[in-house]
Amino acid sequence: MTVPTHHPGDTLLIDYAGGALGEAASLIVATHLALCPCCRLNVAEMEAVGGALLESIEPEEVDPACLETVLARLDDLPPLPRVPRPKLVCQPAEVPLLPEPLRRYVGGDLSRLPWKRLMRGMDCYDIPLGSGSGYDSARRGKARLMRLASGVGPPHHTHRGIELTLVLDGGFTDDLGQFARGDLSVADDSVRHRPVADEEGCLCLAVTDAPLRFTGALGLILNPFVKF
Ligand SMILES: [Zn+2]
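These numbers were taken from a predicted model, which means no experiment stands behind them.

**As for the side chain of His 193**
Within the fold, His 193 resides in the loop between β7 (184-187) and β8 (196-208). The exposure class assigned to His 193 is buried, which follows from its relative accessible area of 1%. Reaching out from His 193, the side chain makes a polar contact with the side chain of Glu 163 at a distance of 3.2 Å. Within the structure, His 193 has its side chain in polar contact with the side chain of Asp 174 (distance 2.7 Å).

Below, the structure written as structure tokens:
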């Protein structure tokens, strides 16, 4: 198993370890962890430090009225969907094409999924997220599998929010570099790029918290109609 060379970065890993990410971002970081021993180790260390910090805090007296108010407000909040965590230290040498926790969301057989054609050579499957109603969909984001034929990619675009892309099979190249299985690309509104699938094609998991914004003359035509 080759080791990924593109990682989520400390901020995303800390948010993941602290349970601060929405379901879609949690899913993609957890799936990267299943493929990346370096980040698994980092997250294990972050969780150990977080646990030690919590234990070192002296308990303080709290006004019972204040506690009741906080508990009442917690009752009003919809539950956060939990993304199952991969084992942090040991992983089998051979990780399946769709590792856990992604496999739990989409199953193990790609040919059974209702793929939707976005353009020639590019299909997608929107992964159903969350079960509770009233959950903030903006925070949850959108997660989809993308299947690209060799040499195919979306038009040049930038982002209204954050786009996370994890390669599951094959690879792609964009203005930021070359990405292979296990690599995670992090792009925000400062990045303008055009990912193109490598020769063997590309299967990836993509998470966005807002639709992409296409750039250039083509973008003016596409933006009102196409929501990637
Ligand atoms: Zn990593």
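**Focus on the pattern of salt bridges**
Oppositely charged side chains can form a pair if their charged atoms are brought close together. A full pass over the atoms with the stated rule returns five salt bridges. Where Arg 104 meets Glu 100, a salt bridge forms, and the shortest distance between an N and an O atom there is 3.6 Å. One salt-bridge network, held together by shared partners, links Lys 116, Asp 126 and Arg 144.

**Notes on the pairing of strand β2 (residues 122-126)**
Every regular strand shows the same layout, with side chains that alternate between the two sheet faces. In terms of burial, β2 is a largely internal element, four of the five residues being buried. Two elements, strand β1 (residues 116-119) and β2, share three bridges in a ladder whose sense is antiparallel. Its bridge partner being in β2, Arg 117 is matched across the sheet by Asp 123. Hairpin connection of β1 to β2: two residues between the antiparallel strands, including Gly 121 at a positive phi of 85 degrees. As judged from the five bridges shared by β2 and strand β3 (residues 142-148), these two strands associate in the antiparallel manner. Paired with Asp 123 across the strands is Arg 147, a residue of β3.

**Focus: helix α1 (residues 10-17)**
In an α-helix, one full turn covers 3.6 residues, which means residues spaced three or four apart are oriented alike. Restricting attention to buried positions, one finds in α1 the residues Leu 12, Leu 13, Tyr 16 and Ala 17. All buried residues of α1 fall inside an arc of 130 degrees around its axis, so they share one side. Gly 19 lies just past α1 and shows a positive phi near 75 degrees.

**Let's talk about the pairing of β3**
With five of seven residues buried, β3 is to be regarded as a mostly interior element. Of the pairings in the sheet, the one linking β3 to β8 comprises seven bridges and is antiparallel in character. If you follow Arg 144 over to β8, its bridge partner there is Ala 206.

**Structural notes on the nonpolar core**
Residues Leu 102, Val 106, Ile 127, Leu 145 and Leu 205 are the most contacted members of the largest nonpolar core, which totals 35 residues. The set of elements that each furnish at least two residues to this core consists of α1, α2 (23-35), α3 (37-56), α5 (102-106), β3, β5 (163-174) and β8. Element by element, the count of residues in this core is highest for α2, at seven residues. In contact with Val 106, other than residues within four places in its own chain, are Leu 98, Leu 113, Tyr 125, Ile 127 and Leu 145. The next biggest cluster of nonpolar side chains, apart from the first, holds twelve residues, and it includes Met 122, Phe 172, Ala 197 and Ala 206.

What counts and how
- Residues numbered from 1 in each chain as written.
- Predicted model: local features only at pLDDT ≥ 70, side-chain atom pairs only at ≥ 80, totals over all residues.
- Heavy atoms only, no water.
- Helix = DSSP H or I, 4+ residues; strand = E, 2+ residues; numbered from the N terminus.
- Buried < 20%, exposed > 50% of the residue type's maximum accessible area, 1.4 Å probe, protein only.
- Polar contact = N/O pair within 3.5 Å; in protein donor to acceptor, adjacent residues only side chain to side chain.
- Salt bridge = Lys/Arg side-chain N within 4 Å of Asp/Glu carboxyl O.
- Pairing = 2+ DSSP bridges.
- Arc of directions from axis to C-beta.
- Core = buried A, V, L, I, M, F, W, Y, C linked by side-chain atoms within 4.5 Å.
- Contact = heavy atoms within 4.5 Å.

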